[in-house]
Amino acid sequence: MAPPKAENMSFYPSAAAAQQAGFRACKRCRPDASPGSPLWNHRADAVAKAMRLIADGVVDREGVPGLAAGLGYSVRQVERLLLAELGAGPLALARAQRAQTARLLVETTSLPMAEVALAAGFASVRAFNDTVREVFALSPTELRARHRPAPGSPGRGTPGVLSLRLPFRAPLCPDNLFGHLAATGVPGVEEWRDGAYRRTLRLPRGHAAVSLSPGPDHVACRLALTDLRDLSIAIARCRRLLDLDADPVAVDEQLRADPLLAPVVDRAPGRRVPGTVDPVEFAVRALLGQQVSTAAARTHAGRLVAAVGDPVDVDHPDVDHADGGPGDGGGLTHLFPTPEALAGIDPGTLAVPRSRRAAFHALVTALADGSLDLGVGADWAKARADLLALPGIGPWTVEVIAMRALGDPDAFIPTDLGIRYAARDLGLPDTPAALVRRAEAWRPWRAYAVQYLWATGDHAVNRLPA
């Protein structure tokens with residue numbers, strides 16, 4: 001059947017705007033089930049930062065004033081900016097996110113509706129019922145009846161444990177994504193077990209453990225939460241960790257235009273940039289990883305975790321209790337330390353060079369006192385400048401943090417030896433200045449080019465663990 005003519009259609013810049021106009025998502029093709037807009041991936045303006053903060057639950061936790069404070073604007077300015085570009089204000093955008101989280105839980109779990117309402121961030125069951133009816137033209141019960149949860153999905157017998165499907169835009173190459181997370185995992189905080197990457201999460205209302213395993217059209221996600229209200233935030237952070245909102249077709253098309261890079265892209269398209277669930281954690285780990293092996297970096301970070309990390313009793317969703325007893329979280333024993341805890345460490349106790357100790361102390365102090373902001377709403381240019389101003393932190397570390405902690409898809413590290421060797425082997429310029437000039441054509445996706453160049457090397461970070 002031919003699509004309708006453009007003049008007979010109405011277009012809206014966001015799902016929230018369409019919902020406000022009285023439209024709902026098609027029940028057949030379900031456009032609302034697709035991942036979030038990749039538009040925010042390569043932007044660092046106020047609207048893009050606002051969208052990232054809303055996805056991280058700032059409006060639900062702190063209201064619109066909290067969002068405005070995070071952006072450095074007045075409430076009126078934020079409302080005006082979002083309405084002008086997205087056709088909806090922050091409350092409507094947050095409501096659309098809650099509605100989608102509610103649909104995910106209604107359709108994929110057997111949780112009681114009251115618990116679904118709580119987990120999705122609604123203030124009451126009535127608000128939950130009214131929103132679901134308005135957005136989807138079905139009651140929650142009718143919505144569940146259309147998509148019966150699979151056998152074994154969590155319910156009253158497993159409170160706080162959820163099995164979810166995290167969709168993504170195909171293709172997705174899991175090799176470097178999960179390979180990198182597994183190879184660099186910090187003991188006590190992360191592990192690779194039975195085909196899944198597992199880690200602990202520090203969330204606004206408690207902690208959690210998550211298990212993530214790649215599938216052909218989704219990432220299987222199992223979450224054990226201490227507070228169901230943290231669900232949408234946990235999902236958002238897992239999506240950032242795995243870069244699931246990327247548009248691989250757009251990225252690969254631009255990188256493939258370089259004839260010397262094209263064969264590498266074609267060999268395994270859909271590479272993602274491994275991210276982080278905690279920018280503070282990654283910045284500290286990036287510093288500890290300067291000029292040392294992957295194994296040494298894991299050891300240094302593991303010592304910090306053992307010394308000042310918060311111990312947690314994790315009832316992990318994927319651990320067989322018959323093997324380890326009730327409450328056994330496998331190798332997950334701690335949350336990564338807070339910046340305040342790290343700032344209290346005597347740098348002299350660190351088994352690293354003296355200059356690295358000074359850099360560590362300066363970094364964690366800046367993170368603890370708030371003078372360095374690496375959060376989801378951070379200004380990328382300012383964060384880079386603030387990092388460079390710290391002693392012992394150079395361009396390589398800054399760009400790695402920008403790429404994986406800040407989520408800048410155009411971060412680039414031309415001085416990295418692995419990048420230079422890969423460039424040389426592919427016939428690309430291998431001096432930093434010449435490579436930067438060549439990479440101008442790869443913008444704004446140079447961080448993805450880094451993944452493809454790194455993938456030419458023989459390293460555990462490029463291989464999906466067995």
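Worth saying up front: this structure is predicted, and the values here are computed from it rather than measured.

Student: Can you walk me through the sheet that holds strand β1 (residues 161–167) in this structure?
Tutor: Each strand in a sheet pairs with its neighbour through backbone hydrogen bonds, running either in the same direction (parallel) or in the opposite one (antiparallel). With respect to topology, five strands assemble into an open sheet ordered β1-β5-β4-β3-β2, the strand pairing being antiparallel. A single partner strand is all that each edge strand has here, and the edge strands are β1 and β2 (190–193). Within the sheet, the average angular offset between the axes of one strand and its neighbour, ignoring direction, is 25°. By the bridge criterion, seven bridges tie β1 to strand β5 (residues 218–225) in an arrangement that is antiparallel. Across the sheet, residue R165 finds its bridge partner in β5, namely A220.

Student: Would you mind showing me how to read helix α6 (residues 113–120) here?
Tutor: Each α-helix turn comprises 3.6 residues. Residues three or four places apart therefore point the same way. Listed as buried for α6 are M113, V116, A117, A119 and A120. Down the axis of α6, the buried set is contained in an arc of 170°. They therefore lie on one face. Against α5 (90–108), α7 (125–136), α8 (140–146) and α10 (231–242) lie the buried residues of α6. One or two positions beyond α6, positive phi appears at G121, with a value near 95°.

Student: Can you help me understand the layout of surface pockets in this one?
Tutor: The volume enclosed by the second largest pocket comes to roughly 1,200 Å³. Taken together, 45 residues line the second largest pocket, and the ones lying closest to its centre are H180, T294, W396, D416 and W454. Of all the secondary structure elements, the ones that give two or more residues to the lining of the second largest pocket are α9 (174–183), β3 (196–203), α13 (279–288), α14 (294–308), α19 (395–406), α20 (417–426) and α22 (446–454). Tallied by class, residues from the lining of the second largest pocket come to 18 nonpolar, 19 polar and eight charged.

Student: Any chance you could explain the side chain of H334 here in plain terms?
Tutor: Considering the arrangement of structural elements, one finds H334 in strand β7 (residues 334–335). The exposure class assigned to H334 is buried, which follows from its relative accessible area of 15%. The contact partners of H334, leaving out residues within four places of it in the chain, are G188, V189, T200, V305, G309, D310, P311 and V312.

Student: Hey, could you run me through the nonpolar core in this one?
Tutor: Nonpolar side chains in soluble globular proteins tend to end up buried together. L255, V284, F360, L363, L374, L387 and W442 are the most contacted members of the largest nonpolar core, which totals 63 residues. Each residue touching L363, except ones within four places of it in the same chain, is listed here: A283, V284, L287, L372, L387, L390 and I393. Formed by 46 residues, the second largest nonpolar core is a distinct cluster that contains F128, V132, L162 and L231.

Student: Which parts of the structure should I look at to understand the environment of F282?
Tutor: For F282, the position within the fold is in helix α13. Setting aside anything within four residues of it in sequence, one finds F282 in contact with T276, V400, I401, R404 and A405.

Student: Help me understand the packing of α13 against helix α17 (residues 354–369), please; the structure alone is not making it clear to me.
Tutor: To describe two helices that pack against each other, one gives the angle between their axes and the distance between the axes. At a closest axis distance of 10 Å, the pairing of α13 and α17 adopts a crossing angle of 170°. Taken together, the axes of α13 and α17 lie roughly antiparallel to each other. Two secondary-structure elements touch here, α13 through V280, A283, V284, L287 and L288 and α17 through R356, A359, F360, L363, V364 and L367. Here the contact of α13 with α17 is built from residues that sort into 10 nonpolar, no polar and one charged.

Student: Teacher, can you tell me more about the pattern of salt bridges here?
Tutor: Any two side chains of opposite charge can pair if their charged atoms end up close together. In total, this model carries 25 salt bridges according to the counting rule given. Measuring nitrogen to oxygen at the nearest pair gives 2.8 Å for the salt bridge that ties R384 to E399. Of the two residues, R384 sits in helix α18 (residues 380–388) while E399 sits in helix α19, which places them 15 residues apart along the sequence. Assessed through its relative accessible area of 17%, R384 is described here as buried. What makes E399 buried here is its relative accessible area of 15%. The salt bridge involving D458 is made with R463; its shortest N-O contact spans 2.7 Å. Counted as one network, the salt bridges with shared partners bring together E190, R199, E281 and R285.

Student: How do you make sense of the packing of helix α2 (residues 46–55) against helix α4 (residues 75–86) when you look at a structure like this?
Tutor: Following both chains from N to C, one finds α2 and α4 inclined at 100°, their axes separated by 10 Å at the closest point. The angle between α2 and α4 falls in the class roughly perpendicular. Contact with α2, carried on its side by A46, V47, A50, M51 and I54, involves L81, L82, E85 and L86 of α4 and no other residues of that element. Looking at the contact of α2 with α4, its residues break down into eight nonpolar, no polar and one charged.

Student: How should helix α11 (residues 248–256) be read in this particular structure?
Tutor: Buried within α11 we find P248, V251, D252 and L255. Seen end-on, α11 carries its buried residues on one side only, within an arc spanning 90°. Facing away from the buried side of α11 by over 90 degrees, the exposed positions are V249 and E253. Each element contacted by the buried residues of α11 is listed here: α12 (262–267) and α22.

Student: Honestly, the packing of aromatic side chains in this entry has me stumped. Any pointers?
Tutor: We describe a pair of aromatic rings using the distance from one ring centre to the other and the angle between the two ring planes. Counted according to the given criterion, the structure contains four aromatic pairs. Residues W445 and Y448 carry aromatic rings whose centres are separated by 5.9 Å and whose planes lie at 75° to one another, so their mutual orientation is edge-to-face. On the basis of relative accessible area, W445 is assigned to the buried category, the value being 9%.

Student: Teacher, can you tell me more about unusual backbone geometry here?
Tutor: Across residues other than glycine, the phi torsion is negative in most instances, and most of the peptide bonds are trans. Of note, the amide linkage connecting A170 to P171 takes the cis form, showing an omega dihedral of 0°. Position of P171 relative to the elements: it lies in the loop between β1 and α9. Look at the link from R443 to P444: it is a cis peptide, with omega at 10°. Take P444: it is sitting in the loop between α21 (432–439) and α22. Of note, the phi angle at A137 is positive, near 55°, even though the residue is not glycine. Here A137 is to be found in the loop between α7 and α8. Accessibility expressed as a relative area gives 41% for A137, which makes it partly exposed.

How each quantity is defined
- Residues numbered from 1 in each chain as written.
- Predicted model: local features only at pLDDT ≥ 70, side-chain atom pairs only at ≥ 80, totals over all residues.
- Heavy atoms only, no water.
- Pairing = 2+ DSSP bridges.
- Helix = DSSP H or I, 4+ residues; strand = E, 2+ residues; numbered from the N terminus.
- Axes fitted to C-alpha atoms, helices over the stretch in contact; angles between N-to-C directions.
- Buried < 20%, exposed > 50% of the residue type's maximum accessible area, 1.4 Å probe, protein only.
- Arc of directions from axis to C-beta.
- Contact = heavy atoms within 4.5 Å.
- 1 Å grid on protein atoms, 1.4 Å probe; cavity = no way out; pocket = protein on both sides within 12 Å on 5 of 7 lines; lining within 4 Å.
- Points joined across faces, edges and corners; volume = space filled by probe spheres on them.
- Nonpolar A, V, L, I, M, F, W, Y, C, P; charged D, E, K, R; others polar.
- Core = buried A, V, L, I, M, F, W, Y, C linked by side-chain atoms within 4.5 Å.
- Parallel < 35°, antiparallel > 145°, perpendicular 65-115°, else oblique.
- Salt bridge = Lys/Arg side-chain N within 4 Å of Asp/Glu carboxyl O.
- Phe/Tyr/Trp six-rings, centres within 6.5 Å; stacked < 30°, edge-to-face > 60°.

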